[in-house]
Amino acid sequence: MNPQSRVAKHVRDLPFSGIRTFFDIVATRKDIISLGVGEPDFDAPGAVREAAIGSLERGETHYTSNRGDPGLRQSIARYVSREFGADYDWEKEVLVTVGVSEAIDIALRTILNPGEEVLYHEPCFVSYRPSILLAGGTPVCVETRREDEFRLTRPMLEQAVTPRTRVLMLNFPCNPTGAVLSREDVEDISDFCIRHDLLLLTDEIYAELTYERKHVSFISVPGMRERTIFLHGMSKAWAMTGFRIGYACCPFDISENMMKLHQYAIMSAPTTGQRAAAEALEHGEQAVAAMVAEYNRRRNYLISAFEEMGVPCHTPAGAFYAFPYIGGFGLSSRDFAMRLLETQNVAAVPGDAFGRSGIGFLRCAYATSMGNLREAMKRLSVFVGTLRS
Ligand SMILES: Cc1ncc(COP(=O)(O)O)c(C=O)c1O
């Protein structure tokens, strides 16, 4: 068989993630300080790990219900009600998934008819555009800007909406920009969704990681719960990336159809992970608060370090990424990142990995120790000095 025809064209045409390409290069080098990885440097809290071990020791090595363990779904419904202000029926409207990654995929495949447009914002998480394309949708990107601290505003959306738009897909607090939305922004964008009769797919995986004010969820706005698929998961705030647990809360008609895709492709999310997630949601508050305090300390340090070296960086109000502007040095993001790596052994992700409007930026994750951050900033400062001289 002709190798060209062994893989479907629409899959062949997908580019690899810009993060992956960059880290394939990073993996070939030794003694790197990495600001590149988008996952917590903390291990999952002790009690969470013990819950997982206890579950295994009890021989809980079987499937759970397709929708997810009933106890975990009840914990999720309680948590979402308390923290985000909307009530969901744990039996019919909560679905436990293999990370938010699976939830994004099955949500889009459930709601999109071929060619329907999905509005989303860039710079954004690397999977958004490919996931829309793989679901047969047409991605329509709205570019957020440094001047607005990468917030998404209603006028930007009004310019991009068409009669074919079905879905608005959002991620705030945002990877890679650290942007958050104010209550006013959230209400404005909600009104936009209602006015244009759009479904909202909102990925709020960084909801707990805000440093200046509490996160405002779209599902807290009157009229939004009925048209929203709310996604969240354990990977970021609870430092549980390896447990692979996410969830989707949404009205029954959508949830039940997402279940079909989940049931045939996945069966059920990992049982050990689900036990650990229930513990985290019920008793993890203090551990999360301690990690948030440490991220905040690192964030404040990074902001002042960038300021000191004269590299413009808006203040990231959420998640654990700084997104400084390095476009003034006459190098592309990729060349800047490659030369930083080659000359200083510091890895950070070129901003264009997150979309065209990331050109000229660098994503620096502060999910690494203060010691690493100080050393990385020292080296970055030397590097920037060589570019200026
Ligand atoms: C915005 C965003 N959504 C989803 C994910 C995927 O998370 P999960 O580990 O739950 O699949 C990530 C991971 O980096 C992310 O940054």
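Now for a quick tour of the structure. (Residues numbered from 1 in each chain as written. Predicted model: local features only at pLDDT ≥ 70, side-chain atom pairs only at ≥ 80, totals over all residues. Heavy atoms only, no water.)

## So, the packing of aromatic side chains
Phase 1 of the analysis: The tally for this structure, following the rule as stated, stands at 17 aromatic pairs.
Phase 2 of the analysis: Taking the centre distance of 5.8 Å and the plane angle of 80 degrees together, the rings of tyrosine 206 and tyrosine 321 count as edge-to-face. Of the two residues, tyrosine 206 sits in the loop between strand E6 (199-203) and strand E7 (228-233) while tyrosine 321 sits in strand E9 (residues 321-322), which places them 115 residues apart along the sequence.
Phase 3 of the analysis: A relative accessible area of 0% means that tyrosine 321 is categorised as buried.
Phase 4 of the analysis: Connected via pairs of aromatic rings, a cluster forms that spans Phe42, Tyr206, Tyr295, Phe320 and Tyr321. (Phe/Tyr/Trp six-rings, centres within 6.5 Å; stacked < 30°, edge-to-face > 60°. Helix = DSSP H or I, 4+ residues; strand = E, 2+ residues; numbered from the N terminus. Buried < 20%, exposed > 50% of the residue type's maximum accessible area, 1.4 Å probe, protein only.)

## A few points about the sheet that holds strand E3 (residues 117-122)
Phase 1 of the analysis: In space, the seven strands of this open sheet follow the order E2-E8-E7-E6-E5-E3-E4, with mixed pairing throughout. What marks the edges here is a single partner per strand, and that holds for strand E2 (94-97) and strand E4 (138-143). Pairwise comparison of adjacent strand axes, ignoring direction, gives a mean angle of 20 degrees for this sheet.
Phase 2 of the analysis: Sheet topology places E7 next to strand E8 (residues 246-249); four bridges connect them, and they run antiparallel. By the bridge assignment, phenylalanine 230 is partnered in E8 with cysteine 249. (Pairing = 2+ DSSP bridges. Axes fitted to C-alpha atoms, helices over the stretch in contact; angles between N-to-C directions.)

## Focus on the site of the ligand
Phase 1 of the analysis: For the ligand, the full set of nearby residues is Gly99, Val100, Ser101, Phe125, Asn171, Asn175, Asp203, Ile205, Tyr206, Ser235, Lys236 and Arg244.
Phase 2 of the analysis: Interatomic distance of 2.8 Å between a side-chain N/O atom of tyrosine 206 and an oxygen atom of the ligand.
Phase 3 of the analysis: Within the contact set of the ligand, an oxygen atom lies 2.7 Å away from a side-chain nitrogen or oxygen of serine 235.
Phase 4 of the analysis: Bound to the protein, the ligand loses 93% of the 400 Å² it would expose on its own.
Phase 5 of the analysis: It is helix H5 (residues 99-111) that contributes the most residues to the shell around the ligand, three residues altogether.
Phase 6 of the analysis: Of the residues contributing to the shell around the ligand, the split by class is four nonpolar, five polar and three charged. (Near = heavy atom within 4 Å. Polar contact = N/O pair within 3.5 Å; in protein donor to acceptor, adjacent residues only side chain to side chain. Areas by Shrake-Rupley, 256 points an atom, 1.4 Å probe, with all protein chains shown as cover. Nonpolar A, V, L, I, M, F, W, Y, C, P; charged D, E, K, R; others polar.)

## Description of helix H13 (residues 370-388)
Phase 1 of the analysis: A rise of 1.5 Å per residue sets the reference length of H13, with its 19 residues, at 27 Å; its end C-alpha atoms lie 27 Å apart and thus fit the reference within 8%.
Phase 2 of the analysis: The complete set of buried residues in H13 reads Met370, Leu373, Ala376, Met377, Leu380, Phe383 and Val384. Around the axis of H13, the buried residues are gathered within 135 degrees of arc, so they sit on the same side.
Phase 3 of the analysis: Lining the buried residues of H13 we find strand E1 (33-34), helix H11 (285-308), helix H12 (333-344), strand E10 (346-347) and strand E12 (362-365). (Expected span 1.5 Å × (residues − 1). Arc of directions from axis to C-beta. Contact = heavy atoms within 4.5 Å.)

## So, the nonpolar core
Phase 1 of the analysis: Ranked by size, the top nonpolar core spans 135 residues in total, and within it Leu168, Ile229, Met240, Phe306 and Phe336 carry the most contacts.
Phase 2 of the analysis: When residues of this core are assigned to their parent elements, the largest contribution, eight residues, is made by H11.
Phase 3 of the analysis: Shared between two domains, this core holds at least three residues of each, these being domain 1 (3-42 + 286-384) and domain 2 (46-284).
Phase 4 of the analysis: Not counting chain neighbours up to four residues away, the residues in contact with methionine 240 comprise Ala44, Val48, Met234, Ser235, Ala276, Ala277 and Ala280. (Core = buried A, V, L, I, M, F, W, Y, C linked by side-chain atoms within 4.5 Å. Domains from an automatic or database assignment.)

## Thoughts on the sheet that holds E9
Phase 1 of the analysis: As summarised here, the arrangement of the three strands in space is E9-E12-E11, forming an open sheet in which the pairing is antiparallel. The outermost strands of the open sheet, each flanked by one partner alone, are E9 and strand E11 (349-350).
Phase 2 of the analysis: Of the strand pairs in this sheet, E11 and E12 are connected by two bridges, and their pairing is antiparallel. Within E12, the residue paired with valine 349 across the bridge is arginine 363.

## With respect to the packing of helix H3 (residues 46-57) against helix H10 (residues 271-283)
Phase 1 of the analysis: With their axes 8 Å apart at the nearest point, H3 and H10 run at an angle of 140 degrees to one another. On the basis of their axis angle, the class for H3 and H10 is oblique. Classified by chirality, the crossing of H10 by H3 is right-handed. Judged by residue contacts, Ala47, Val48, Ala51, Ala52, Ser55 and Leu56 of H3 engage Thr272, Arg275, Ala276, Glu279 and Ala280 from H10. (Parallel < 35°, antiparallel > 145°, perpendicular 65-115°, else oblique. Left-handed = near helix turned anticlockwise from the far one by under 90°.)

## Observations regarding the environment of asparagine 372
Phase 1 of the analysis: Following the sequence through the fold, asparagine 372 ends up in helix H13.
Phase 2 of the analysis: Assessed through its relative accessible area of 32%, asparagine 372 is described here as partly exposed.
Phase 3 of the analysis: Here the side chain of asparagine 372 touches threonine 368 through a polar contact of 3.0 Å, side chain to side chain.

## Quick word on the pattern of salt bridges
Phase 1 of the analysis: Under the criterion given, the structure shown has 29 salt bridges.
Phase 2 of the analysis: For arginine 225, the salt bridge is made with glutamate 93, and the minimal N-O distance between the two is 2.6 Å. With arginine 225 in the loop between E6 and E7 and glutamate 93 in the loop between helix H4 (70-84) and E2, this residue pair connects regions lying 132 residues apart in the sequence. For the residue pair arginine 225 and glutamate 93, the accessibility class agrees, reading buried in each case.
Phase 3 of the analysis: The partner of glutamate 375 in a salt bridge is lysine 378, with the nearest N and O atoms 3.4 Å apart. Note that glutamate 375 and lysine 378 are positioned in helix H13 at a spacing of three residues, about one turn of the helix.
Phase 4 of the analysis: Judged by relative accessible area, which is 53%, lysine 378 ranks as exposed.
Phase 5 of the analysis: Each of the salt bridges in this network shares a partner with another, and the network as a whole consists of Asp41, Glu294, Arg297 and Arg298. (Salt bridge = Lys/Arg side-chain N within 4 Å of Asp/Glu carboxyl O.)

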